[in-house]
Structures are given as structure tokens and as C-alpha cells.
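Each chain, letter by letter, is given below.
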Amino acid sequence: MTQARQAVESFLRANPWPCALAPDDDGKGAQIVEAGTGKMLRFRWDELADAVAKENPTRPAPYLVLVFADGRQIALADVGFAFAPSTVNTGPLPDLPATFCFRDFRHLSAGVQALLSEDGREREALSAVLLGIALLDGARAAGFDVSREERELESLLRRLEERGARV
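This text gives an overview of the structure that appears in the document. These numbers come from a predicted model, not from an experiment.

The rules behind the values
- Residues numbered from 1 in each chain as written.
- Predicted model: local features only at pLDDT ≥ 70, side-chain atom pairs only at ≥ 80, totals over all residues.
- Heavy atoms only, no water.
- Pairing = 2+ DSSP bridges.
- Helix = DSSP H or I, 4+ residues; strand = E, 2+ residues; numbered from the N terminus.
- Axes fitted to C-alpha atoms, helices over the stretch in contact; angles between N-to-C directions.
- Contact = heavy atoms within 4.5 Å.
- 1 Å grid on protein atoms, 1.4 Å probe; cavity = no way out; pocket = protein on both sides within 12 Å on 5 of 7 lines; lining within 4 Å.
- Points joined across faces, edges and corners; volume = space filled by probe spheres on them.
- Core = buried A, V, L, I, M, F, W, Y, C linked by side-chain atoms within 4.5 Å.
- Buried < 20%, exposed > 50% of the residue type's maximum accessible area, 1.4 Å probe, protein only.
- Phe/Tyr/Trp six-rings, centres within 6.5 Å; stacked < 30°, edge-to-face > 60°.
- Lys NZ or Arg CZ within 6 Å of the ring centre and 35° of its normal.

Focus on the sheet that holds strand β2 (residues 29-34)
At step 1: Spatial ordering of the open sheet is given by β1-β2-β3, a layout of three strands whose pairing is antiparallel. Only two strands of the sheet have a single neighbouring strand rather than two, namely β1 (19-23) and β3 (40-44). In this sheet, adjacent strand axes meet at a mean angle of 20° when their direction is disregarded.
At step 2: Of the pairings in the sheet, the one linking β2 to β3 comprises five bridges and is antiparallel in character. Paired with Q31 across the two strands is R42, which belongs to β3.
At step 3: Running at roughly 135° to β1, helix α1 (residues 3-14) makes contact with β1 and β2 of the sheet.

Re the layout of surface pockets
At step 1: Of the volumes computed, that of the largest pocket is approximately 390 Å³.
At step 2: Lining the largest pocket are 19 residues, and of these N56, A75, A77, A82 and T99 lie nearest its centre.
At step 3: Contributions of two or more residues to the lining of the largest pocket are made by β5 (63-68), β6 (73-77), β7 (80-83) and β8 (100-101).

A few points about the nonpolar core
At step 1: Formed by 41 residues in total, the largest nonpolar core has its most connected members in V8, I32, L66, L76, F81 and F144.
At step 2: When residues of this core are assigned to their parent elements, the largest contribution, nine residues, is made by helix α3 (residues 122-142).
At step 3: Apart from the residues lying within four places of it in its own chain, the contact partners of L76 are F11, L12, C19, I32, Y63, L64, L66 and F81.

Digging into the pairing of β1
At step 1: As paired strands, β1 and β2 are joined by five bridges and run antiparallel to one another. Following the sheet pairing, P23 is matched in β2 by A30.
At step 2: Counted along the chain from β1 to the antiparallel partner β2, the turn is five residues long, and its residue G27 has a positive phi close to 75°.

Examining the packing of aromatic side chains
At step 1: Considering all chains together, one arrives at seven aromatic pairs under this definition.
At step 2: Taken together, a centroid distance of 4.7 Å and an interplanar angle of 50° make the contact between F81 and F144 tilted. With a gap of 63 residues between them, F81 in strand β7 and F144 in the loop between α3 and α4 (147-162) connect regions that are remote in the sequence. Side by side, F81 and F144 carry an identical accessibility label, which is buried.
At step 3: Site record: aromatic cluster; members linked through ring pairs are F81, F83, F102 and F144.
At step 4: Positioned above the aromatic ring of F102, the side-chain terminus of K39 is 5.1 Å from the ring centre.
At step 5: Directly above the ring of F68 sits R72, whose terminal nitrogen or CZ lies 4.2 Å from the centroid.

Digging into the sheet that holds strand β4 (residues 48-54)
At step 1: Strand order in the open sheet made by the five strands is β4-β5-β6-β7-β8, with antiparallel pairing throughout. On the outer flanks of this sheet lie β4 and β8, each paired with one strand and no other.
At step 2: As judged from the six bridges shared by β4 and β5, these two strands associate in the antiparallel manner. Counted as the bridge partner of L48 is F68 from β5.
At step 3: Docked against the sheet, α1 engages β4, β5 and β6, running at close to 40° with respect to β4.

Written out as C-alpha cells, the structure reads:
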């Protein structure tokens, strides 16, 4: 058993929130499921180059960074999966956080909905939509299925586009 595999199994036993590990039948891979969202990360153990436990001074709980041979990095944290955003489709964004989680998408989505219920807040709504795009692009690059969130974001973008020139 590799050191990375032992680190993942040990970390998830010690910190069962909100991710659970389910080994594949053949023992060569596993999937980690985020309980709150049902998001799933499926991988083969030989794809995992390292797993490093870390502490964040602003959060009480430790987290585990999974480093894959292809360069992807995904953290397992008390918020679930955490991953870097991608600006491939948005270009540089001011105030872009270094990491996102799926909880952040729910907050962004709710924020856009609230902004769209008020006149004159279109520019702020557009900024939040762009953050949502960077979040989903990062999640997709990390290996997550984001089709459900993409549909939600597209709906919000359509509502924003209906506002036309006011942006």
C-alpha cells in the first residue's frame, strides 16, 4: 500500500466530515463522495502521487491535499472538496480566491439571484457569475461533473442577459 493511499484512508477515518471513501472492488482505485452535494471524485491509487496533511490558521480543522500525477490538486476539508479556480474562460478576475468549494457555488448562485431581484445591481451580478464560471471551470479541471451547476449558472446568465444594456 502506498504512503499516499495510507494518508487518504487515515485522514478520512479520523475526519469523516463531509467526505466518505469507497474503495473499488478490485482495490486498485476508490471514490470519495462529498455527502452534502453528492459530488464524487473517482481515481486509481496509482494516479495519486502524494497526499499531504496541512493546517489552516484560519480554520480549526486540518485538510488533506491530494496531488495527482497529472498535476491536479484537490483538498479534502471540512467544507468538502476544495480546488483552484480556472480563469481560462473568464480572463483575470479581481479578488479571485485561491480555492473554491461547492458550497461557494451555492453562495454565489444565491447571491446572483438576490442581486437580480434588485434594479441596478447587474454589474455586481455579472461579477458573481464570472466567479461562478471560474469556480466551475476549476472543478471540471479537477475532475468533477459540474453539469448540474452549469445549467443553474446558464439560467442565471440568461436572466442577466435579459436585462440588456443596463450591465
